[in-house]
There are 2 protein chains.
Amino acid sequence: MITRDEAIALDRDDPLAVFRDRFVITEPDLIYLDGNSLGRLPKATVERVRATMVEEWGNGLVGSWRSAWISQPAELGAQLAPLIGADPDEVLMTDQTSVNLYKLAAAALEVQAPRSTVLTDSGNFPSDVYVLSGVAEQAGGSLRMVDSDGGAPSAESIAAALDERVGLVSLSHVNFKSGALLDMDLVTSVSHDAGALTLWDLSHSVGAVPVDLRGAGADLAVGCTYKYLNGGPGAPAFLYVARRLQEKLTQPIRGWWGQQDMFGFDLDYRPAAGMSRFATGTMPMLSLAAAREGIEISAEAGIEQLRTKGKALTSLMVDLFDSLPSKYGFTLGSPRSPEQRGSHVSLRHDDGYRIAQALIGRGVVPDFRAPDLVRLGAAPLYTRFVDVWDAFTRLRDIMERDEHRHYSDQPSGVT
Amino acid sequence: MITRDEAIALDRDDPLAVFRDRFVITEPDLIYLDGNSLGRLPKATVERVRATMVEEWGNGLVGSWRSAWISQPAELGAQLAPLIGADPDEVLMTDQTSVNLYKLAAAALEVQAPRSTVLTDSGNFPSDVYVLSGVAEQAGGSLRMVDSDGGAPSAESIAAALDERVGLVSLSHVNFKSGALLDMDLVTSVSHDAGALTLWDLSHSVGAVPVDLRGAGADLAVGCTYKYLNGGPGAPAFLYVARRLQEKLTQPIRGWWGQQDMFGFDLDYRPAAGMSRFATGTMPMLSLAAAREGIEISAEAGIEQLRTKGKALTSLMVDLFDSLPSKYGFTLGSPRSPEQRGSHVSLRHDDGYRIAQALIGRGVVPDFRAPDLVRLGAAPLYTRFVDVWDAFTRLRDIMERDEHRHYSDQPSGVT
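Residues take numbers from 1 onward in each chain, read along the sequence in its written order. Chain A is the first chain written and ligand 1 is the first ligand written, with later ones labelled in order. Where local features are concerned, this predicted model is filtered to residues with pLDDT of at least 70; where side-chain atom pairs are given and counted, the filter is 80 or more; whole-chain, interface and lining totals use all residues.

J.: Hey, could you go over the overall build of chain A for me, with residue numbers and the actual values?
T.: Starting at the N terminus, helices and strands are each numbered in turn, a helix being any DSSP run of H or I of at least four residues and a strand any DSSP run of E of at least two. Along the backbone of chain A there are 14 helices and 13 strands. Over its C-alpha atoms chain A spans a radius of gyration of 22 Å, differing by no more than 12% from the 22 Å that the globule rule assigns to 415 residues. Dimensions of chain A, computed from the C-alpha atoms along their principal axes, are close to 70 × 55 × 40 Å. Neighbour density around each residue's C-beta defines its exposure: 20 or more other C-beta atoms within 10 Å make it buried, 12 or fewer make it exposed, and counts between make it partly exposed, where C-beta atoms are placed from the backbone. Every one of the 415 residues in chain A was classed for burial, and the buried ones make up 58%. Sequence separation of 24 or more characterises 72% of the internal contacts of chain A that already satisfy a separation of 6 or more. Within these notes, the globule rule equals 2.2 Å times the number of residues to the 0.38 power, and the radius of gyration is based on C-alpha atoms. We call two residues in contact when the distance between their C-beta atoms, placed using the backbone, is within 7 Å.

J.: Can you break down the packing of helix H4 (residues 72–80) of chain B against helix H11 (residues 285–301) of chain B residue by residue, with the values?
T.: Two quantities define a packed helix pair, namely the angle between the helix axes and the distance between the axes. Residue and element names in this part refer to chain B. Viewed as axis vectors pointing N to C, H4 and H11 meet at an angle of 20°, and their least axial separation amounts to 10 Å. By the angle class used here, H4 and H11 are roughly parallel. The crossing of H4 and H11 is left-handed. Facing H4, whose interface residues are Gln 72, Leu 76, Gln 79 and Leu 80, H11 presents Met 285, Leu 288, Ala 291, Arg 292, Ile 295, Glu 296 and Ala 299. Throughout, the ten residues Ala, Val, Leu, Ile, Met, Phe, Trp, Tyr, Cys and Pro are labelled nonpolar, Asp, Glu, Lys and Arg are labelled charged, and all others, Gly among them, are labelled polar. Residues of the contact of H4 with H11, tallied by class, amount to seven nonpolar, two polar and two charged. Between N-to-C directions, angles cover 0 to 180 degrees, with each direction set by a line fitted to C-alpha atoms, over the stretch in contact for helices. The scheme is simple: roughly parallel for angles under 35 degrees, roughly antiparallel for over 145, roughly perpendicular for 65 to 115, oblique for anything else. A crossing counts as left-handed when the near helix is turned anticlockwise from the far one by less than a right angle, and as right-handed when that turn is clockwise.

J.: Which residues make up the interface of chain B and chain A, and what are the values?
T.: With 65 residues of chain B at the interface, the matching set in chain A holds 66 residues. Counting residues per element, the side of chain B that touches chain A draws most heavily on helix H2 (residues 43–59) of chain B, at nine residues. Grouping the constituent residues of the side of chain B that touches chain A by class yields 35 nonpolar, 24 polar and six charged.

J.: Describe the relation of the copies chain B and chain A, naming the residues involved and giving the relevant values.
T.: Of the two same-sequence chains, chain B is brought onto chain A (RMSD 0.0 Å, axial shift 0.0 Å) by a rotation of 180°. Given the turn and translation reported, the copies of this chain are related as if by a two-fold rotation axis. Within chain B, Ser287(B) has its C-alpha nearest the rotation axis, a separation of 2.8 Å. When you check the interface residues of chain B against chain A, 100% turn up at the interface there too, and the contact is symmetric in its surfaces. Here the copies were fitted onto each other by least squares, based on C-alpha atoms from residues at pLDDT of at least 70 in both.

J.: Pulling in residues and values, what's your account of the sheet that holds strand S6 (residues 197–201) of chain A?
T.: All names here are of chain A. Taken in spatial order, the seven strands of this open sheet run S2-S8-S7-S6-S5-S3-S4, and their pairing is mixed. Single-partner strands in this sheet number two, and they are strand S2 (91–93) and strand S4 (143–146). Each adjacent strand pair in this sheet contributes to an overall mean axis angle of 20°, direction not counted. At least two DSSP bridges between two strands are required for those strands to pair. Inspection of the sheet shows strand S5 (residues 166–172) paired to S6 by five bridges, in the parallel sense. Each residue of the ladder has a partner; that of Val 169, found in S6, is Thr 198. Of the strands in this sheet, strand S3 (117–121), S5, S6, strand S7 (220–223) and strand S8 (238–241) touch helix H5 (residues 97–112), which is tilted by about 155° from S5. Helix-sheet contacts for helix H6 (residues 126–138) involve S3, S4, S5 and S6, and the interaxial angle to S3 is about 165°.

J.: Account for the packing of helix H2 (residues 43–59) of chain A against H2(B), naming residues and giving values.
T.: Across the interface, H2(A) lies against H2(B) with an axial gap of 10 Å and an inter-helix angle of 160°. Comparing their axes, H2(B) and H2(A) come out roughly antiparallel. The two elements H2(A) and H2(B) cross, and the hand of that crossing is right-handed. Here Thr45(A), Val46(A), Val49(A), Arg50(A), Met53(A) and Val54(A) of H2(A) come into contact with H2(B), specifically with Thr45(B), Val46(B), Val49(B), Arg50(B), Met53(B) and Val54(B). The residue makeup of the contact of H2(A) with H2(B), split by class, is eight nonpolar, two polar and two charged.

J.: Please provide a residue-by-residue account of the pairing of strand S10 (residues 344–348) of chain B, values included.
T.: The two faces of the sheet receive side chains in turn, since in a regular strand these alternate between them. All names here are of chain B. Most of S10 is tucked away, with four of its five residues classed as buried. Here S10 pairs with strand S13 (residues 373–377) via five bridges, running antiparallel. When the sheet's bridge partners are listed, Ser 346 is paired in S13 with Arg 375.

J.: Describe the environment of Cys224(A), with residues and values.
T.: Positionally, Cys224(A) belongs in the loop between S7 and S8. Setting aside anything within four residues of it in sequence, one finds Cys224(A) in contact with Thr97(A), Ser203(A), Ala235(A) and Ala237(A).

J.: I'd love a proper account of the environment of Pro210(B), names of residues and values included.
T.: Examined against the element boundaries, Pro210(B) turns out to sit in the loop between strand S6 (197–201) and helix H9 (213–216). Linking Pro210(B) and Leu306(B), residues 96 residues apart in sequence, is a C-alpha distance of 8.7 Å.

J.: Explain the domain arrangement of chain A residue by residue, including any values.
T.: Residues and elements named next belong to chain A. Residue ranges for the domains originate in an automatic or database domain assignment. Domain annotation of chain A identifies domain 1 (4–32 + 302–406) and domain 2 (47–300). Taken over C-alpha atoms, the centre of domain 1 sits 29 Å from the centre of domain 2. Between domain 1 and domain 2, the residue contacts involve 22 residues of the former and 16 residues of the latter. Residue composition of the side of domain 1 that touches domain 2, grouped by class: nine nonpolar, eight polar and five charged.

J.: Can you lay out unusual backbone geometry for me, pointing to particular residues and giving the numbers?
T.: Residues and elements named next belong to chain B. Cis geometry is found at the peptide bond from Ala 113 to Pro 114, where omega equals 5°. Tracing the sequence through the fold places Pro 114 in the loop between helix H5 (97–112) and strand S3 (117–121). Cis rather than trans, the peptide bond between Ala 370 and Pro 371 has omega equal to 0°. For Pro 371, the location among the structural elements is in the loop between strand S12 (367–369) and S13. One non-glycine residue, Asp 95, adopts positive backbone phi at about 50°. Here Asp 95 is to be found in the loop between strand S2 (91–93) and H5. Overall, Asp 95 belongs to the buried group, with 34 C-beta atoms counted inside 10 Å. Phi is positive for Phe 265, close to 60°, though the residue is something other than glycine. The topology assignment puts Phe 265 in the loop between helix H10 (243–246) and H11.

J.: Lay out the sheet that holds S12(B) with the relevant residues and their values.
T.: As a general point, the strands of a sheet are linked pairwise by backbone hydrogen bonds and lie either parallel or antiparallel. All names here are of chain B. Pairing is antiparallel in the open sheet, where four strands are placed in the order S9-S10-S13-S12. Looking at which strands have only one partner, the edges of the open sheet turn out to be strand S9 (331–332) and S12. Where S12 meets S13, three bridges bridge the pair, whose relative direction is antiparallel. Paired with Asp 367 across the strands is Arg 375, a residue of S13. Packed onto the sheet, helix H12 (residues 303–322) meets S9, S10 and S13 and runs at close to 20° relative to S10. Here helix H13 (residues 352–361) sits on the sheet in contact with S10, S12 and S13, set at roughly 40° to S13.

J.: Got a sec to walk through the pairing of strand S7 (residues 220–223) of chain B? Specific residues and values, please.
T.: All names here are of chain B. Neither face of S7 is open: one carries Leu 220 and Val 222, the other Ala 221 and Gly 223, and all of them are buried. In the sheet, S6 pairs with S7 via three bridges, with the strands oriented parallel. Note that in S7 the partner of Leu 199 across the bridge is Leu 220. Pairing analysis gives four bridges linking S7 to strand S8 (residues 238–241), with the strands arranged antiparallel. Pairing of Leu 220 across the sheet is with Val 241, part of S8.

Here you go:
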C-alpha cells in the first residue's frame, strides 16, 4: 500500500492538478467523491451565468435570441462532440436525458417497424428502463431485459437475447452502480448483425471515459452534462444521431425548435434538416450557459488525459480497498481491471447506508445506491490522489471504531 | 387623444408603478414592448441565481438536492397556482411547454380511447399545432382545425366541430397573434358536453390575465414562464392537471422523477401519486431559480391589479391607433373590447416587417409576426403609459417621413 506522501507525490506529478483551482472549493478539507452525481461549480461559471443574465437578458433583451441564444443548442453540441467521438453536426444540446431517450427510442422503433421490442439490461439506470418500457409498449411491443446482476451485460448475453423482434438495443455505456464499462464496439456489432439499432446512455461516461461513437458505428446516444462535465444541477442534456440516420428519423415531440423554418409559423410540421429536427422547445439559457463552461473545461483538459488520471484514481481506490481488513465485510462492487470500468468504484456492504452517513460525518461525500453500494466517484479535474488516500483512512477509522453504528439505518422509502 | 402629460399623470396614479424599479433597465430611453415574448430581468433574480450557484451548488454540492432543489418543481407550481385559479397541488413546474403539451395530450387521448381526434384552431401557436398533430396521429387519429382566421375561435365554432371522435380540445387561452381572449368557461362547457377533455395553453395569459381553471372546470393546462412572469430566456414551463384527473392519467415519458419512489430504483414503473407523476427528469435548477423570482413578483403585485393595468395600457394603444391617420394604412389586428383581449395589441400593415425594424431603429422594441403583424406587448409590471404614448409618437414620425422605406424587407425564410 502506498503512503500518504506517495499519494501527495502523485498529485505533484499530475498534469491535470492545475485544474482543481478552476473550481469553487469552499471547504478545503471536504473530500468530495460524488462528482459523478453532481460535478463541482467551475469558478468561471459564476461570471458566465451572470453575464448571460445581466448583459444578454437584462440589457440585450429579446434581441439576444438571435445574437446569442438560439444557436446555443447546436454550438454546445459541436463543443461536446469530440468528447464522444462524434462530428460537430451530430450532437445537439436539448431537453433532459429522459426526454431525449424517449424521443430517440421512439424515432428508432418507428423506422424499425414491425420490430417493436427494446432490449436493455437489468443494470441500466431505472429511469432509462421506465422510459424504454413506455416507448416499447406504445409501439405495440415490450421491453426485454438481460439480467446483468448489477454488473454489465456481456456482448454474448446481448447477442443471445437478440432476435427478429428486437428493433432497438439501449444500454448505459457505464453502469451507474458497478461502474462496469460495456464494450460499445462489440455490442453495436452484434446488434447490427441482428438488425437492431443501438441507443447509448453516456451519462456516466461523458467527460471521464473516451467514447468513440463513430468508431463503434453507433447509431444513437443521449447523456447528461451535470456529472463529470460539471454543467450544474439539472443541466440540459444532449443527444447524438449518426449523420446517416438524421434524415431517416423523425421524433415524436414535434416542437417548433424542430421545425424547418421555426419563425415561418406554417401550420404543417416539416422536420428541419440535420440535428435540429431532434430539438423541441425553447431551451433554458441560464442553465445552458453553465453547461457551456463545464464542457469547455473538459475539452481543454482533453479526454485522454482525463481518462488516464481517472483510471489511476480508481486503481488507487481498488488498491486501498484491497488493503482493508476482510473483517470489515466489504466486497468490491466494481470490475478490477481499469479498462473495464468507468470513473467510479463501488464498495458493497450490508451496512452501506450507515457507512455512507458516517463518511459524510467525517467529511467524505460518497453516494449511496440501494441496497448496499457505497459509490466513490473520481472526478479527474479536481479529485486528488491524496483525497482518495485520506478517504480510505477515514473509512478505516470508522470501521475500526464501529462509528457507523451510531447512524440510523436507511429510512424505508427514502434512500 | 390624451396628451403626453396626461399619460404621465396616469403613471403617477398607477399603484403598480413602483414595480418598474424592481427590474434591470439599462437603457431608460428604450421602450420595450416585447415583454410578452421575453419579460425583463428582475433585479433580485441576479442575486437569487448567484446564490443558487455559489451557496447551493458550489458550497452545498450534491446535498442541495435534498435540502433545496428536489422540491422546487412542486413548490414553484404551488406558488404559481393562484395566478391560474388552481390549487397548490394541481400545478408542477417541469420541462418546456411543448414537452408538457405532448405529455398531457397523450395522457388525455389514452383515457379517451377510442376517441382519437384532437380539436384545435388555426390561430393556435404553431408549435402546439405540430405537437398536437403528432399526438393525434400516434393515437391513430388526426388533428381537426377550426378556422379562426388569426382571431380566436368562437365557442359556437368549437361546438360545431365537436363529435364523438374528438377526445381532446386544445387551444391557446390568448391568441399569440391577435391577442384575442377565448371564453374558457364556455369552450370547456361545450367540450365537456360533447365528451371531450380540454387542454389550455396559458403562455400568453399567465401573469397578465386572471385565469380561473377551477371555475371553468378545465381539465388540463400548460404554459411558459418567460413572458409576463419574467422567468428568463427559456425558463421552465408548468403543467396543470385537475385533481379529479390526476390518478386517472399517466403520461408517456416515464422518467424517474415521475416514479413513486424515485430513489428506490425498482425496475417496474409505478407512477407517483398526485402531480409528481407528470414530472420526467432532473430539472435545470439555475433556470428554475430565476423563474421563481419572476413568479414571486407577479404574485406580490396581484393578478387583478396586473389585469387592470394591462387593460388600461392596451386600451391606450387602441385609442392611439384610432388617432393614426388612415393614410398610414394600419388596421387593428386585435379585439376592440379590452375584455376580449389579453395584454398585447397587434397592428396590421403590409409593410409590417419594415415598420417593426424602423421602430427598433427609433428605440421602440415591438415584435413582428409574419406576415403583417406589428405586435405591441403591455407588461403591467414595467410598461408605463408614457411609454405607450411615446411609442405611438415615434410610429407617427416614422410613417410621416416614410422612414421604414429605408429598411430592407423581410428576408425570405428568416422572420
